[in-house]
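Descriptive analysis of the structure
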Amino acid sequence: MPAKPVPTYQPNPTIAVLLVNLGTPDAPTVPAVRQYLRQFLYDTRVIEVPKLVWAIILNLFILTTRPKRVAHAYASVWDDDSPLRQIAYMQADLLQQRLDQQDFGVPVKVELAMTYGKPALTDALHNLKAQGIERVVVLPAYPQYSASTTAAVFDVIAKYGLKARDLPALSFVKDYYNHPLYIAALADSVRRYQAEHGQAQKLLFSFHGIPKPYADKGDPYPERCKITAHAVAAKLGLTDEQWAYSFQSRFGLQEWVKPYTDELLTEWGKANLASVQILSPAFSADCLETLEELAVENKNTFQENGGGEYGYIPALNTDPMHIDLFTALVLPHVQAWATT
């Protein structure tokens, strides 16, 4: 009796690491920004309003007015591409180099993906599947978990899974708001900036905000931001009078978590504060909200109200300590799979 044929299918032994960020328009133009905002603001993780009501508001009002202003803002920070996408690609390349230095016994491939816009997370998952890669580590580049950001990454993956016949094995990094390497990297970035520019009277940690009802329903994001700020301030040896935290980027009419960055800077300006330095630990890469809103718009708010010197401390971006952190976050996941 002839032997039964041995199955020939062999899955690709490669382990993939998906580095995921929020996203960006394809160009600093009104049509491109409108397309991006439509995808972003339709997400119920981002806007928790009944869908029919929100569809009317979004299409009749927001998407007819907001894209022009946002496109102008993007144009002010745009190079050959958006700063966020440029930096994210460099981060992925550097993380790939770090992982290539390890001997896992199997290849490890780093891919960049975005929740909104390109390179799309869904496309990345399809591409990995087409290559036969069945083990995927997902690293959302959000230091502080929020349902409006990190959970939105999980949602995209879950929706992909609804239509996929053969799902990959997934490992998910939730966040790293109090990771020692993250705190050390932030503190070091402040020290390096102050070594060149001097120490300001106040150091302000400005985090992207979320609506207060989201936090009231249990989103842990604001508390994680406070823990990050306290940990970095302690690492720097600052007194309570030397630093503060706040939340920026409000949108719409509802109340957001407080204190608000623009209101705090207005207050400090009116008090004739001599100098302030500001950083935004919620962002792993500089983008519109840091390069235009924090570095320019809020500087004007502070100084037009009587404040003195104002300095923006860049995001960690491609700082070697930042890549050390990314490596440390994915290493246990990769090692666990590489040894099984």
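An unreviewed UniProt entry annotates the chain as Ferrochelatase of Faucicola atlantae. The chain has a UniProt comment under Function (unreviewed entry) that states "Catalyzes the ferrous insertion into protoporphyrin IX."

**Considerations on the packing of aromatic side chains**
The tally for this structure, following the rule as stated, stands at 10 aromatic pairs. Judged by centre distance (6.0 Å) and plane angle (15 degrees), the ring pair of Tyr36 and Phe40 falls under stacked. Of the two residues, Tyr36 and Phe40 are both situated in helix α1 (residues 30-42); the distance of 4 residues between them amounts to about one turn of the helix. You'll find Tyr36 and Phe40 in the same group, each marked buried. Of the aromatic side chains, those joined through ring pairs into one cluster are Tyr36, Phe40 and Tyr116. In this structure, Arg250 is placed above the aromatic ring of Tyr260, and the distance from its NZ or CZ to the ring centre is 3.8 Å.

**Focus on the domain arrangement of the chain**
The assigned domain composition of the chain is domain 1 (15-176 + 321-339) and domain 2 (180-312). For domain 1 and domain 2, the distance between their C-alpha centroids amounts to 24 Å. With 34 residues of domain 1 at the contact, the number on the domain 2 side is 25 residues. Both sides of the domain 1 and domain 2 interface together cover about 2,300 Å² of buried area, and 66% of this is carbon and sulfur. For the interface between domain 1 and domain 2, the tally reads 2 salt bridges.

**Details of the pattern of salt bridges**
Where charged atoms from two side chains of opposite charge come close, those side chains can pair. Inspection of the entire model under this criterion finds 15 salt bridges. Residue Arg45 is joined to Asp155 by a salt bridge in which the shortest nitrogen-to-oxygen separation is 2.6 Å. Residue Arg45 is located in the loop between α1 and α2 (51-77), and its partner Asp155 is located in helix α5 (residues 150-163); the two are separated by 110 residues in the primary sequence. Relative accessible area serves as the criterion here: at 28%, Arg45 is assigned to the partly exposed category. When the shortest N-O distance is used, the salt bridge between Glu255 and Lys258 registers 3.7 Å. Residue classification places Glu255 among the partly exposed positions, given a relative accessible area of 38%. Overall, Lys258 belongs to the partly exposed group, its relative accessible area being 47%. Within this structure, Asp26, Asp81, Arg85 and Lys118 form a network of salt bridges that share partners.

**Topic: the sheet that holds strand β5 (residues 202-208)**
The strand order across the open sheet formed by 4 strands is β6-β5-β7-β8, and the pairing between neighbours is parallel. Among the strands making up the open sheet, the edge pair consists of β6 (243-248) and β8 (309-312). Shown here is a sheet whose adjacent strand axes are inclined to one another by a mean of 25 degrees, direction ignored. Pairing analysis gives 4 bridges linking β5 to strand β7 (residues 275-279), with the strands arranged parallel. Across the sheet, residue Leu204 finds its bridge partner in β7, namely Ile278. Sitting on the sheet, helix α6 (residues 180-197) touches β5, β7 and β8, and the angle it makes with β7 is about 145 degrees. Each of β5, β6, β7 and β8 touches helix α10 (residues 288-304); the most contacted strand, β8, lies at about 170 degrees to it.

**Details of the packing of helix α3 (residues 83-100) against helix α11 (residues 320-338)**
Packing of α3 against α11 leaves a shortest axis separation of 10 Å and a crossing angle of 60 degrees. The orientation of α3 relative to α11 falls into the category oblique. Crossing of α3 against α11: the hand is right-handed. Every residue of α11 that contacts α3 at Gln91, Leu94, Leu95, Arg98 and Leu99 is listed here: Pro320, His322, Ile323, Asp324, Phe326, Thr327, Val330 and Leu331. Classifying every residue of the contact of α3 with α11 gives 8 nonpolar, 3 polar and 2 charged.

**Considerations on a nonpolar patch on the surface**
A grouping of Leu52, Val53, Ile56, Ile57, Leu60 and Phe61 is seen on the molecular surface, where their side chains present a nonpolar patch of about 590 Å² in accessible area. With respect to the helices, strands and loops of the structure, Phe61 is situated in helix α2. The exposure class of Phe61 is exposed, given its relative accessible area of 51%.

**Regarding α2**
Over its 27 residues, α2 runs only 33 Å from end to end, short of the ideal 39 Å by more than 12%, given 1.5 Å per residue. In α2, a bend of some 55 degrees at Ile62 exceeds every other bend along the element. Along α2, the residues that are buried comprise Trp54, Leu58, Ile62, Leu63, Pro67, Val70, Ala71, Ala73, Tyr74 and Val77. Along its buried surface, α2 packs onto β1 (12-24), α1, α3 and α10.

Calculation notes
Residues numbered from 1 in each chain as written. Predicted model: local features only at pLDDT ≥ 70, side-chain atom pairs only at ≥ 80, totals over all residues. Heavy atoms only, no water. UniProt positions renumbered as here; feature names shortened; annotations may be inferred. Phe/Tyr/Trp six-rings, centres within 6.5 Å; stacked < 30°, edge-to-face > 60°. Helix = DSSP H or I, 4+ residues; strand = E, 2+ residues; numbered from the N terminus. Buried < 20%, exposed > 50% of the residue type's maximum accessible area, 1.4 Å probe, protein only. Lys NZ or Arg CZ within 6 Å of the ring centre and 35° of its normal. Domains from an automatic or database assignment. Contact = heavy atoms within 4.5 Å. Buried area = accessible area lost by both parts, 1.4 Å probe. Salt bridge = Lys/Arg side-chain N within 4 Å of Asp/Glu carboxyl O. Pairing = 2+ DSSP bridges. Axes fitted to C-alpha atoms, helices over the stretch in contact; angles between N-to-C directions. Parallel < 35°, antiparallel > 145°, perpendicular 65-115°, else oblique. Left-handed = near helix turned anticlockwise from the far one by under 90°. Nonpolar A, V, L, I, M, F, W, Y, C, P; charged D, E, K, R; others polar. Patch = residues over 30% accessible without salt bridge, like charges linked within 9 Å, V, L, I, M, F, W, Y side chains within 5 Å. Areas by Shrake-Rupley, 256 points an atom, 1.4 Å probe, with all protein chains shown as cover. Expected span 1.5 Å × (residues − 1). Bend = angle between axes of the 7 residues up to and from the residue.

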